[in-house]
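Descriptive analysis of the structure
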Amino acid sequence: MSLPIIDISPFLSPDEGDNRAARRATSAALHAACLQFGFFYLDLSSFVSPTVPEELSELARTFFHLPQEEKDKLSLSLQDNARGYAKLKENVTGGKADNHEGLDFYKPVQNPDKTKPLWGENQWPDLPGFREKYDAWVEKMKALGLIVSHEVKDLLSLVDDSFWVMRAIGYPPLPDDHDGFSCGAHKDYGCLTFLYADPTPSALQVFLKDGVVPSSAVSNLALPAEQGDEEGIWINADPIPNCVVCNIGEMWEIWTNGMYKSTLHRVIHRSRNYRVPFFFEPNFDALIQPLAAVKRIQGSAPEKKPVVYGEFLMGKVSGNFAGGKGKYDD
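Residues numbered from 1 in each chain as written. Predicted model: local features only at pLDDT ≥ 70, side-chain atom pairs only at ≥ 80, totals over all residues. Heavy atoms only, no water.

An unreviewed UniProt entry lists the protein under the name Fe2OG dioxygenase domain-containing protein, from Roridomyces roridus. UniProt, in its Sequence similarities (unreviewed entry) section for the protein, records the words "Belongs to the iron/ascorbate-dependent oxidoreductase family." (UniProt positions renumbered as here; feature names shortened; annotations may be inferred.)

Bringing the overall build of the protein into the picture now. The helix and strand tally for the protein stands at eight helices and 16 strands. In the protein, buried positions account for 53% of the 330 residues. Long-range pairs, those at least 24 residues apart, make up 77% of the contacts in the protein with a sequence separation of at least 6. Counting only carbon and sulfur atoms, one obtains 52% of the accessible surface of the protein, whose full area is about 14600 Å². (Helix = DSSP H or I, 4+ residues; strand = E, 2+ residues; numbered from the N terminus. Buried < 20%, exposed > 50% of the residue type's maximum accessible area, 1.4 Å probe, protein only. Contact = heavy atoms within 4.5 Å. Areas by Shrake-Rupley, 256 points an atom, 1.4 Å probe, with all protein chains shown as cover.)

Let us look at the pairing of strand 2 (residues 39-43). Across the five residues of strand 2, five count as buried, placing the element largely inside the fold. Side chains of strand 2 alternate between two faces, with Phe39, Tyr41 and Asp43 and Phe40 and Leu42 buried alike. Pairing of strand 1 (residues 5-7) with strand 2, which is carried by three bridges, proceeds in the parallel orientation. Bridge assignment links Asp7 to a residue of strand 2, and that residue is Asp43. Pairing of strand 2 with strand 12 (residues 243-248), which is carried by five bridges, proceeds in the antiparallel orientation. Residue pairing in the sheet places Leu42 in a bridge with Val244 of strand 12. (Pairing = 2+ DSSP bridges.)

Counted under the stated rule, the structure contains 16 aromatic pairs. Aromatic side chains Phe63 and Tyr85 sit 5.8 Å apart centroid to centroid with 75° between the ring planes, which places their arrangement in the edge-to-face category. Separated by 22 residues along the polypeptide, Phe63 in helix 2 (residues 51-64) and Tyr85 in strand 3 (residues 84-86) bring together distant segments of the chain. For the pair formed by Phe63 and Tyr85, the shared burial category is buried. Taken together, the ring pairs in this structure connect Phe63, Phe64, Tyr85 and Tyr274 into an aromatic cluster. Sitting over the face of the ring of Phe47, Lys140 holds its NZ or CZ atom 4.2 Å from the ring centroid. Above the ring of Trp234, the side-chain terminus of Arg266 is found at 4.0 Å from the ring centroid. (Phe/Tyr/Trp six-rings, centres within 6.5 Å; stacked < 30°, edge-to-face > 60°. Lys NZ or Arg CZ within 6 Å of the ring centre and 35° of its normal.)

What follows is the structure, given as structure tokens:
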């Protein structure tokens, strides 16, 4: 099994003439990928130069190779326990320490206050070009989020001031005796995740439930604890040149009233690797509820409970750190 690859180039040209059919086909491919997998590749060949994310990975490599005392100068504890550097095994997923270190940035806020959760200021490494290039990536990924979301007109007012999150993650080789994963199995909280990773294979793994894969492929499988009693298989989502891996978060489950479902994924690294996930999220104060178009399709089906995204996020990030604070994982 492999995840679908979707070329976004039709969305970069006007919805007219010969391009109109191409845009409809791309929209249909996105819809099918969200229904079946919740994960897919986006081909960005026509949107961004391949050298740009490679530069981000190299900058991450440079930062994570700094002496520990230099990295600790950007510690999460110096801000709001969300923005800044998390040392190796500080991040926790499913009650177990993750074997990675990270540097996290969030959308800047008005009147920052580091005593309030998520409301501090970003901490940037003093490395030439780091902030400039990562800021430029933020703008590209915000634009990509709007491009992917633009077909759903009711959605745009909920994501036009996205409370985005960006991480640089460093993965050392996972020790054979480590009681956990490089990053344990989890679902993403928000809207869309765009992941750039260096070429290391067999690291990111996606859980496909029975029904998505042939039943013969899941028979007699031992079920890892993190997937509960759901049968299925884990497949590799290896990096593909000129692509980012995209997956949908839990807000899409609410928007589609369960038609789309966020998918379990995990990271198991046996070599050194660097990843830059970008989380394109709803606006902080957005009310997330089933979309009108979905309700028309589903009729009188029970509706998922609405949430305010910022409140939902605060609740989600409260238990993913050894010190009791929270974080996104990928």
